[in-house]
Amino acid sequence: MRDVAVISFAQAKNQRRVADLNEVEMLMPVTGQVLDQVGMTIDDIGFTCSGSSDYLAGVGFSFVSTLDGVGPWPPIQESHVEMDGAFALYEAWVKIQLGEIDTALVYCYSKSSPGDLPMVLTRQLDPYTVAPLWPDTVSLAALQARALIDAGRTTEPEMAEVAARSRRSALDNPNAQLAWDRPAGDLLTEDYHVAPLRKHDCAPITDGAAAVVLAAGDAARRRVERPAWIRGIDHRIEPMALGLRDLTVSASTRLAGEKAGVADGPVDVAELHAPFTHQELILREALGLVDHQNVNPSGGALSANPMLAAGLIRIGEVATRISSGEADRGVAHATSGPCLQQNLVCVLEGES
Amino acid sequence: MLTAPLIIEYPFKRTTGPVIGAFMTGLRERILVGSRAADGRVIVPPAEFDPVTGEDLTEIVEVGPGAEVTTWAWVTEPHAKHPLDRPFAWALIKPDGADTPMLGAVDAGSIDAVHTGLRVVPRWADEREGRIEDLACWVPERTTPANVEYKRS
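Residues numbered from 1 in each chain as written. Chains lettered and ligands numbered in written order. Predicted model: local features only at pLDDT ≥ 70, side-chain atom pairs only at ≥ 80, totals over all residues. Heavy atoms only, no water.

Here we come to the pattern of salt bridges. Residue and element names in this part refer to chain A. Enumeration over the complete set of coordinates arrives at 28 salt bridges over all chains. The residue Asp 3 makes a salt bridge to Arg 231 at a minimum N-O spacing of 3.5 Å. Taken together, the residues span a long stretch of sequence, with Asp 3 in the segment before β1 (4–11) and Arg 231 in strand β7 (residues 228–237) at a distance of 228 residues. Here Asp 181 makes a salt bridge to Arg 168, at a shortest N to O gap of 3.7 Å. With Asp 181 in the loop between α7 (156–169) and α8 (184–187) and Arg 168 in helix α7, this pair connects stretches of sequence that are 13 residues apart. Among the ionic contacts, a cluster of salt bridges with common partners joins Asp 3, Arg 231, Arg 329 and Glu 349. (Salt bridge = Lys/Arg side-chain N within 4 Å of Asp/Glu carboxyl O. Helix = DSSP H or I, 4+ residues; strand = E, 2+ residues; numbered from the N terminus.)

What follows is the structure, given as structure tokens:
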């Protein structure tokens, strides 16, 4: 295996609605910054991979416009996933492993604000037996939360603690969309949104973008003092039908975590892509981080959840902390699909 | 700034095949069916492929109509596209004879009327076309009170 590291990370300020910029205009400062930070241009990049969704952009082949934005001439090697940028990063990591290239630019973005996001997301469900019922994202997550409560594995007060801690952590994150300091007890006095979930249990709807530069071996060491080396990365998927899964556990996260080697060393920081409070608890259990004290110091997806980018941001947040010396080893997680259907786990490490 | 409405449609039709097709045909006839998985479990709606081994599943098994709620969520303000226009419960519902639950809407009236383990039965649409909407929603099973027998004096 080649040593591959995250050497640069940038994200747009997460906002509820970016009305005055199109996707290209929203993304370009981010891709510009992520390259500038390490003194690179698109000419220094061996492979470019992006994550975005036509369903959110509202047009087919929408990624072509943003690809034009990064400068694909003379012709570049590129690819695209209709998934979170974390999965685009995985593809880029594989490409670097093949040995033909040493650097990659990964970027992702979405504007959820023009549409009705919880309803747009129903289009990823079984088109015959589920999607025609239009079960929105929040309702499906609420089914999962109820199952977890019924199983005696969480309570509404514990979920409120996750909400309160995440938004409090977000006060230190200048890119966060939702940041506040309120005791969990106060949150429980609010009405249900879709019972057993209250609004505070749900991630906000966010427009945003993020980008990462990957580099192998000396190409990384030459450009940054302390690269965040990817020591393990794996992603796994579960069946599409909710009824075929035990929603109270995340079998795919557990397996991806084992393959990525989460338990092979101490974890200084973890960033888990949990758009709902109870999902953080499920992920903690799957990764052996039940009582970990440093989960989602950025505020996590509960404080900013740009679709297609919130997963890559988790990797970027961990990498940034490793490169700064704040952490030596960390775990980043990204999810896709309803109720944590597909999960990616990445273990990052600094060199001592 | 100029804005305009944009509606995206994918107006094509697909055939459902022998497994999903059997489920859809069943709905039209007010019958629920599942498929038997390699490990013997009955999966509803039927799966074309075994979720563990990936092999073709072809044995169709009738299930229900009685069923049990395995988890639920209460919607106070239904969306215009939701199956019901009044507060209702989404639920995962396991038909009798099945080993896995399916998604459905339960017309229960109030949040207090729903609980995990609630017995429900289908309410069928009057006009059925072989689509999931033929199963209009689920309703709590009416239990027969013990004292309805006419007592002669």
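Time to look at the nonpolar core. Judged by nonpolar contacts, the single largest core of 60 residues is most densely connected at A:Leu197, B:Phe23, B:Leu32, B:Val106 and B:Trp138. Formed by 38 residues, the second largest nonpolar core is a distinct cluster that contains A:Trp93, A:Leu312, A:Ala319 and A:Leu344. (Core = buried A, V, L, I, M, F, W, Y, C linked by side-chain atoms within 4.5 Å. Buried < 20%, exposed > 50% of the residue type's maximum accessible area, 1.4 Å probe, protein only.)

A few words now on the packing of aromatic side chains. Residues and elements named next belong to chain A. Per the counting criterion, the structure on display carries 4 aromatic pairs over all chains. Between Phe 61 and Phe 63 the ring centres are 6.1 Å apart and the planes differ by 40°, which places this aromatic pair in the tilted class. Overall, Phe 63 belongs to the buried group, its relative accessible area being 16%. Judged by centre distance (6.5 Å) and plane angle (20°), the rings of Tyr 107 and Tyr 109 are stacked. Judged by its relative accessible area of 0%, Tyr 107 falls in the buried class. On the accessibility criterion, Tyr 109 (3% relative accessible area) is buried. Here Arg 123 stacks its cationic end above the ring of Trp 134, 3.6 Å away from the centre of that ring. Of note, Arg 182 hangs over the ring of Trp 180, and the distance from its end group to the ring centre comes to 5.8 Å. (Phe/Tyr/Trp six-rings, centres within 6.5 Å; stacked < 30°, edge-to-face > 60°. Lys NZ or Arg CZ within 6 Å of the ring centre and 35° of its normal.)

All names here are of chain B. Reading across from one edge, β2-β1-β3 is the order of the 3 strands in this open sheet, with antiparallel pairing throughout. The strands lining the two open edges of the sheet, one partner per strand, are β2 (42–43) and β3 (60–63). For strand β1 (residues 32–36) and β3, the ladder comprises 4 bridges, and the chain directions are antiparallel. Looking at β3, one finds that Leu 32 is bridged to Val 63. Packing against the sheet, helix α1 (residues 17–28) makes contact with β1 and β3, and its axis sits at approximately 160° to β1. (Pairing = 2+ DSSP bridges. Contact = heavy atoms within 4.5 Å. Axes fitted to C-alpha atoms, helices over the stretch in contact; angles between N-to-C directions.)

Now for the interface of chain B and chain A. Contact with chain B, which involves 34 residues of that partner, is made by 31 residues of chain A. The three residues of chain B that bury the most area against chain A are B:Lys81, B:Leu103 and B:Ile132, which together make up 18% of that side's buried surface. Run the count over chain B and chain A and you get 0 salt bridges. At the surface where chain B touches chain A, the tally comes to 9 residue pairs in polar contact (both at pLDDT 80 or more). Where the side of chain B that touches chain A is concerned, the elements lending two or more residues are α1, β4 (67–75) and β5 (88–95) of chain B. In terms of residue count, the dominant contributor to the side of chain B that touches chain A is β4(B) (6 residues). Residue composition of the side of chain B that touches chain A, by class: 22 nonpolar, 9 polar and 3 charged. Direction of pairing for strand β5 (residues 194–195) of chain A relative to β4(B): antiparallel, over a ladder of 2 bridges. Its bridge partner being in β4(B), A:Val194 is matched across the sheet by B:Val75. (Buried area = accessible area lost by both parts, 1.4 Å probe. Polar contact = N/O pair within 3.5 Å; in protein donor to acceptor, adjacent residues only side chain to side chain. Nonpolar A, V, L, I, M, F, W, Y, C, P; charged D, E, K, R; others polar.)

Turning our attention to unusual backbone geometry. For the bond running from A:Ala195 to A:Pro196, omega is 10°, close enough to zero to count as cis. The amide bond that connects B:Gly64 to the next residue, B:Pro65, takes the cis arrangement and shows omega of 0°. For B:Pro65, the position within the fold is in the loop between β3 and β4. One non-glycine residue, A:Trp134, lies in positive phi territory at about 55°.

Residue and element names in this part refer to chain A. When the domains of chain A are assigned, the result is domain 1 (4–111 + 205–221) and domain 2 (118–204 + 229–349). Taken together, the 41 residues of domain 1 in the interface contact 37 residues of domain 2. Summed over both sides, the interface between domain 1 and domain 2 buries roughly 2,900 Å², with carbon and sulfur atoms accounting for 69% of that surface. The tally of links between domain 1 and domain 2 comes to 0 salt bridges. Summed over the shared surface of domain 1 and domain 2, the result is 13 residue pairs in polar contact (both at pLDDT 80 or more). Put simply, the parts of the chain that give the side of domain 1 that touches domain 2 at least two residues each are β1, α2 (54–57), α4 (85–97), β4 (103–111), β6 (207–216) and α9 (217–221). Counting residues per element, the side of domain 1 that touches domain 2 draws most heavily on β6, which supplies 8 residues. (Domains from an automatic or database assignment.)

This part takes up the side chain of A:Ser79. Residue and element names in this part refer to chain A. Looking at the secondary structure, you find Ser 79 in strand β3 (residues 78–81). Relative accessible area serves as the criterion here: at 17%, Ser 79 is assigned to the buried category. The contact partners of Ser 79, leaving out residues within four places of it in the chain, are Phe 47, Thr 48, Cys 49, Ser 50 and Glu 91.

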